[in-house]
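What the coordinates show
What follows is each chain in one-letter form.
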Amino acid sequence: MALLTLAAAASAQRLSNDELKKQVADTERAFAATMKARDHKAFTTFLSDEAVFFGGNPNEVLRGKEAVAKGWKGLYIKPEAPFSWEPDQVEVVESGTLALSTGPVYDANGKLISRFSSIWRLEAPGTWKIVFDRGTPVCDCKKAEGK
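What you see is a predicted model; the values in this text were computed from it and never measured. (Residues numbered from 1 in each chain as written. Predicted model: local features only at pLDDT ≥ 70, side-chain atom pairs only at ≥ 80, totals over all residues. Heavy atoms only, no water.)

**A short note on the overall build of the protein**
When its secondary structure is counted, the protein shows 5 helices and 7 strands. Going from the N terminus to the C terminus, the protein shows its helices and strands as α-α-α-β-β-α-β-β-β-β-β-α. For the protein, the residues scored as buried account for 37% of the 147 residues in total. Accessible surface, the protein as shown: approximately 8900 Å² in total, 56% of it carbon and sulfur. (Helix = DSSP H or I, 4+ residues; strand = E, 2+ residues; numbered from the N terminus. Buried < 20%, exposed > 50% of the residue type's maximum accessible area, 1.4 Å probe, protein only. Areas by Shrake-Rupley, 256 points an atom, 1.4 Å probe, with all protein chains shown as cover.)

Quick look at the structure:
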């Protein structure tokens, strides 16, 4: 694993930060496309073996690729996707081996319901895997204020 990480880091150093950001954004978009395509098997290919996904309940944490795959399988059963997402910001550390992607999450009707934050790790040259994922509900502030 250490050799793989070193090889990934060496490969990453050859790319500019902008190129790495584009790689991660493209990976996030491909990951999101699995939901639209209703392709759970493809979804699992983006998961790191060490993936940690936080659920809607703050105490719910899925640890490991198998647990995340199992926990998300139900979201892929119905013909219509329950939500969609897309990155609007990506940052990559100077070593080029870790990245943050964040962006809006929309319900099936296109209403903004939350924002996601994902941490991606370069696990092989050009291969980013998601390690951490968490969604945060957005506030309907006018509704909360009683307006």
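Now, onward.
**Section: helix 2 (residues 17–37)**
With 21 residues, helix 2 ought to run about 30 Å at 1.5 Å a step, and its terminal C-alpha atoms sit 30 Å apart, in line with that. Restricting attention to buried positions, one finds in helix 2 the residues Leu20, Val24, Ala25, Thr27, Glu28, Phe31, Ala32, Thr34 and Met35. Burial along helix 2 is one-sided: seen end-on, the buried residues are contained in an arc of 165 degrees. Among the exposed residues of helix 2, those pointing more than 90 degrees away from its buried face are Asp18, Lys22, Lys36 and Ala37. (Expected span 1.5 Å × (residues − 1). Arc of directions from axis to C-beta.)

**Here's the deal with the nonpolar core**
Most often, soluble globular proteins keep nonpolar side chains buried together rather than apart. Judged by nonpolar contacts, the single largest core of 27 residues is most densely connected at Phe53, Trp72 and Trp85. Where this core is concerned, the elements lending two or more residues are helix 2, strand 1 (47–54), helix 4 (65–73), strand 3 (83–85), strand 4 (89–92), strand 5 (98–107), strand 6 (112–124) and strand 7 (127–137). Considering each element in turn, this core owes the most residues, 6 residues, to helix 2. Filtering out sequence-adjacent residues up to four positions away, tryptophan 72 remains in contact with Met35, His40, Phe43, Phe53, Leu62, Phe83, Trp85 and Asp133. (Core = buried A, V, L, I, M, F, W, Y, C linked by side-chain atoms within 4.5 Å. Contact = heavy atoms within 4.5 Å.)

**Digging into the pattern of salt bridges**
This structure, assessed with the given rule, holds 6 salt bridges. We note a salt bridge from aspartate 26 to lysine 22, for which the minimum N-O separation is 2.7 Å. Note that aspartate 26 and lysine 22 are positioned in helix 2 at a spacing of 4 residues, about one turn of the helix. Here aspartate 26 makes a salt bridge to arginine 29, at a shortest N to O gap of 3.2 Å. (Salt bridge = Lys/Arg side-chain N within 4 Å of Asp/Glu carboxyl O.)

**Brief notes about the packing of aromatic side chains**
Counted according to the given criterion, the structure contains 11 aromatic pairs. Taking 5.2 Å as the distance between ring centres and 15 degrees as the angle between the ring planes, the aromatic pair formed by phenylalanine 31 and phenylalanine 43 counts as stacked. Here phenylalanine 43 lies in helix 3 (residues 40–45) and phenylalanine 31 lies in helix 2, a separation of 12 residues in the sequence. Phenylalanine 43 carries the same exposure label as phenylalanine 31, and that label is buried. (Phe/Tyr/Trp six-rings, centres within 6.5 Å; stacked < 30°, edge-to-face > 60°.)

**Overview of the layout of surface pockets**
Of the voids in this model, the largest pocket is the one considered here, and its volume is about 500 Å³. Along its surface, the largest pocket is lined by 22 residues, and Phe54, Gly55, Gly56, Trp72 and Gly135 are the ones closest to its centre. Top contributing element to the lining of the largest pocket by residue count: strand 7, with 5 residues. (1 Å grid on protein atoms, 1.4 Å probe; cavity = no way out; pocket = protein on both sides within 12 Å on 5 of 7 lines; lining within 4 Å. Points joined across faces, edges and corners; volume = space filled by probe spheres on them.)

**Here we look at unusual backbone geometry**
Negative phi is the rule for most residues except glycine; trans is the rule for most peptide bonds. One non-glycine residue, arginine 38, adopts positive backbone phi at about 65 degrees. Within the secondary structure, arginine 38 sits in the loop between helix 2 and helix 3.

**What about helix 4?**
For an α-helix, 3.6 residues make a turn, and residues three or four places apart therefore share a direction. Burial in helix 4 covers these residues: Val68, Ala69 and Trp72. One side of helix 4 holds all its buried residues, which, seen down the axis, span an arc of 100 degrees. When the buried face of helix 4 is taken as reference, the exposed residues oriented beyond 90 degrees from it are Glu66 and Lys70. Elements in contact with the buried residues of helix 4: helix 2, helix 3, strand 1, strand 2 (61–63), strand 3 and strand 7.

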